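Here is how the chains run, residue by residue.
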Amino acid sequence: MTDSERVSLEDVRRVAELSSLELTTAEEPHMRRDLNAILDYVAQLNELDTSQVEPMAQVAEVLAASQEEINVLRPDSVVPCLDRAQVMVSAPETDGVFFKVPKVIER
Amino acid sequence: MATAAIVSPEIMAKYEPVIGLEVHVQLLTETKAFCGCANKFGAPPNTNVCPVCLGLPGALPVLNERAVEFATLASLALHCQVRERSIFARKNYFYPDLPKGYQISQFDKPLAEHGWIDVPTPNGTKRIGITRLHMEEDAGKSIHDGFSDSATRTYVDLNRCGTPLIEIVSEPDIRTPDEAYEYLTRLKEILLYTAVSDCNMEEGSLRCDANVSVRPRGQEKFGTKAEVKNVNSFRFIRAALEYEIERQIDVIEGGGRVVQETRLWNANEGRTYSMRSKEQAHDYRYFPEPDLPPLIVSSIRRAEIAQQMPELPEARRARMVADYGLTEQDAQTLTATRAFADQFEAAAKTAKSPRRVANLIQSELTSRLKAAGLELEQSPISMKGVAQAADLAEEGKLSSKQLKQLFDIAFEKSEDFPVVYEREKPQQITDASEIEKMIDEVIAANPKQVEQYRGGKKTVAAFFVGQVMKASKGQANPGLLNELVVRKLDS
């Protein structure tokens, strides 16, 4: 498999579906090319041998002096919430109490 | 559409069900999992929200330390191994009540694993494994009906969004709907004792999904499973599983194949329905949550949390049987909630006969509570009152009939037993000569029974006691009466 074939058109359609994106048939090959280019770029990392390196999802813990210091926790005490009127200003649709969205049937 | 299946017992017996349960439990913290909004049921819609739980750009989650404590306590109570370093992950899916577009959960490194619960079965105690217990956040609430534009609009309340949850996943060790029911009952009881949740199913603080499949007996490989959702009581889960097992066997016996799918329980019709969702829809693309560091629960912290562990129901029952001479059944009833058990023990410690206190609760108190539609916490008669009544009965100062009357009055007037007793204190006949006179009359009226007694049938004495008690309108001192009847009959 050559690098440019990492992502198939099928993959593009599946990822678009999962992302709730509608792509036109003209957009699909473009998206495929872009995704392959990105993956090729990231694939450069494969030149390094990481077999002896622990996976790390985010870097905050390298600053911690001890295991315990890695934890960032907050006390269980209530902080005032936002005013609903202020929140609903940004809602695309509302009756002032609820957010309203187009009818959802399937989960 | 499946029809209500009717499969003969012989055919049912050819198959073995395999059941696994996933239970979501809301934690009783003051605030949400990742922000300081109040974690409270029933607030006006969309008032307990902030940038974090609304998923506004740039807002960052910070984990609630009490949620960690509660989740760890629950893990330990369920005999799980708590992982020193667990990792939060994003579970990605689109739904309007999930504003971030992902749920913060745990995936390949959950907080705890390898636990178990012992459940009673007809063949003795069975150990049901717990695969994992992980932390996550709840979603908001979608309201599909009840508004004038509900035909075209769904209403969303995000108050629940970010409520701390633990998800407890069982091993596929469960083989019958009854075992599933017992597992859930025990699980709820343990969680209530640890006080990490109120486990209120009506308010959704405990929710259960069931995975169920069937396979021919003797076959190693599992059959294709269906997931049953939308079940809001343990009894309904049992009914849903019974229905689903029969449905699947019917499908297989009819030459068909069980489809892997999600099915919803309809309590009114007593059956499950396929949700007909697209098979490949579930692809959550989990990845480590970059906004949260790993969660560390050190062995020291774990030991501190373990210190808070209360005596759990199983151990408490065993101890109460030993300490108070109760039956297993008594202990079962009395430990139904921690508060109930605490109250009982406080009363029993001072009572002359704890066993009698237990009996009174089981017989006189619970039946009256049930008739009045009251919970134990609402009982007009306190545990102390029950203990006093038990002592009076034990000392023979109160006949069982008198006791029943006083309990009736207490319930009628919503007064505690000591108050009622003080006022209505029954006139007891403690004058021996008066009682003897009544005994003489009963003996004279029942020569046949006297003959039986003197012929060696000593149990007939109870007949005379009963008759005299009746004649005295329940007012004869029972201790004295017993003694005098035997003396008279023997003379």
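Computed from a predicted model, the values in this text were never measured in an experiment.

Quick notes on the rules
- Residues numbered from 1 in each chain as written.
- Chains lettered and ligands numbered in written order.
- Predicted model: local features only at pLDDT ≥ 70, side-chain atom pairs only at ≥ 80, totals over all residues.
- Heavy atoms only, no water.
- Helix = DSSP H or I, 4+ residues; strand = E, 2+ residues; numbered from the N terminus.
- Buried < 20%, exposed > 50% of the residue type's maximum accessible area, 1.4 Å probe, protein only.
- Polar contact = N/O pair within 3.5 Å; in protein donor to acceptor, adjacent residues only side chain to side chain.
- Contact = heavy atoms within 4.5 Å.
- Domains from an automatic or database assignment.
- Buried area = accessible area lost by both parts, 1.4 Å probe.
- Salt bridge = Lys/Arg side-chain N within 4 Å of Asp/Glu carboxyl O.
- Nonpolar A, V, L, I, M, F, W, Y, C, P; charged D, E, K, R; others polar.
- Pairing = 2+ DSSP bridges.
- 1 Å grid on protein atoms, 1.4 Å probe; cavity = no way out; pocket = protein on both sides within 12 Å on 5 of 7 lines; lining within 4 Å.
- Points joined across faces, edges and corners; volume = space filled by probe spheres on them.

### Notes on the side chain of Arg317(B)
Residues and elements named next belong to chain B.
Okay, so step 1: Considering the arrangement of structural elements, one finds Arg317 in helix 7 (residues 313–324).
Okay, so step 2: A residue is classified by how much of its surface remains accessible, and Arg317, at 1% relative accessible area, is buried.
Okay, so step 3: Of note is the side chain of Arg317, whose polar atom sits 3.1 Å from the side chain of Thr335.
Okay, so step 4: Not counting residues within four places of it along the chain, the set of residues in contact with Arg317 comprises Arg186, Glu189, Glu328, Ala331, Gln332 and Thr335.

### Comments concerning the domain arrangement of chain B
Residues and elements named next belong to chain B.
Okay, so step 1: Each assigned domain of chain B is listed here: domain 1 (9–301), domain 2 (313–424) and domain 3 (432–490).
Okay, so step 2: Distance between the C-alpha centres of domain 2 and domain 3: 30 Å.
Okay, so step 3: Domain 2 puts five residues into the contact, and the matching count from domain 3 is seven residues.
Okay, so step 4: Between domain 2 and domain 3, the buried area comes to about 380 Å², and carbon and sulfur atoms account for 50% of it.
Okay, so step 5: Where domain 2 packs against domain 3, one counts zero salt bridges.
Okay, so step 6: Summed over the shared surface of domain 2 and domain 3, the number is zero residue pairs in polar contact (both at pLDDT 80 or more).
Okay, so step 7: By residue class, the composition of the side of domain 2 that touches domain 3 is one nonpolar, three polar and one charged.

### Examining the interface of chain A and chain B
Okay, so step 1: Across the contact, 37 residues belong to chain A and 63 residues belong to chain B.
Okay, so step 2: For the pair chain A and chain B, the summed buried area comes to about 4,300 Å², and 55% of that belongs to carbon and sulfur atoms.
Okay, so step 3: Where chain A touches chain B, the interface holds four salt bridges.
Okay, so step 4: With a shortest N-O distance of 4.0 Å, Asp76(A) and Arg66(B) are connected by a salt bridge.
Okay, so step 5: Connecting chain A to chain B are 22 residue pairs in polar contact (both at pLDDT 80 or more).
Okay, so step 6: Secondary structure elements with two or more residues in the side of chain A that touches chain B: helix 1 (9–18), helix 3 (67–70), strand 1 (73–74), helix 4 (84–88) and strand 2 (99–102) of chain A.
Okay, so step 7: With two bridges joining them, strand 1 of chain A and strand 2 (residues 63–64) of chain B adopt parallel strand pairing. Bridge pairing in strand 2 of chain B places Arg74(A) opposite Asn64(B).

### Some words on the pairing of strand 13 (residues 226–231) of chain B
Within a regular strand, the side chains alternate between the two sheet faces.
Residues and elements named next belong to chain B.
Okay, so step 1: One ladder, built from four bridges, connects strand 12 (residues 206–216) with strand 13; its direction is antiparallel. Along strand 13, the bridge assignment pairs Asn211 with Glu227.
Okay, so step 2: Where strand 13 meets strand 14 (residues 261–266), four bridges bridge the pair, whose relative direction is parallel. Opposite Ala226, over in strand 14, you have Glu261 as the bridge partner.

### With respect to the layout of surface pockets
All names here are of chain B.
Okay, so step 1: Considered as a void within the structure, the second largest pocket measures approximately 1,000 Å³ in volume.
Okay, so step 2: In terms of lining residues, the second largest pocket is bounded by 28 residues, among which Lys188, Leu192, Ala336, Thr337 and Glu375 are the most central.
Okay, so step 3: Put simply, the parts of the chain that give the lining of the second largest pocket at least two residues each are helix 4 (177–194), helix 5 (234–253), helix 8 (328–334) and helix 10 (354–372).
Okay, so step 4: In terms of residue count, the dominant contributor to the lining of the second largest pocket is helix 4 (seven residues).
Okay, so step 5: Within the lining of the second largest pocket, the residues separate by chemical class into 10 nonpolar, eight polar and 10 charged.
Okay, so step 6: The residue makeup of the lining of the second largest pocket includes at least three contributed by each of domain 1 (9–301) and domain 2 (313–424).

### What to know about the side chain of Glu189(B)
Residues and elements named next belong to chain B.
Okay, so step 1: Summarising the element assignment, Glu189 is placed in helix 4.
Okay, so step 2: The exposure class assigned to Glu189 is buried, which follows from its relative accessible area of 11%.
Okay, so step 3: The residues touching Glu189, leaving out its near neighbours within four places in the chain, are Pro313, Arg317, Thr335 and Ala336.

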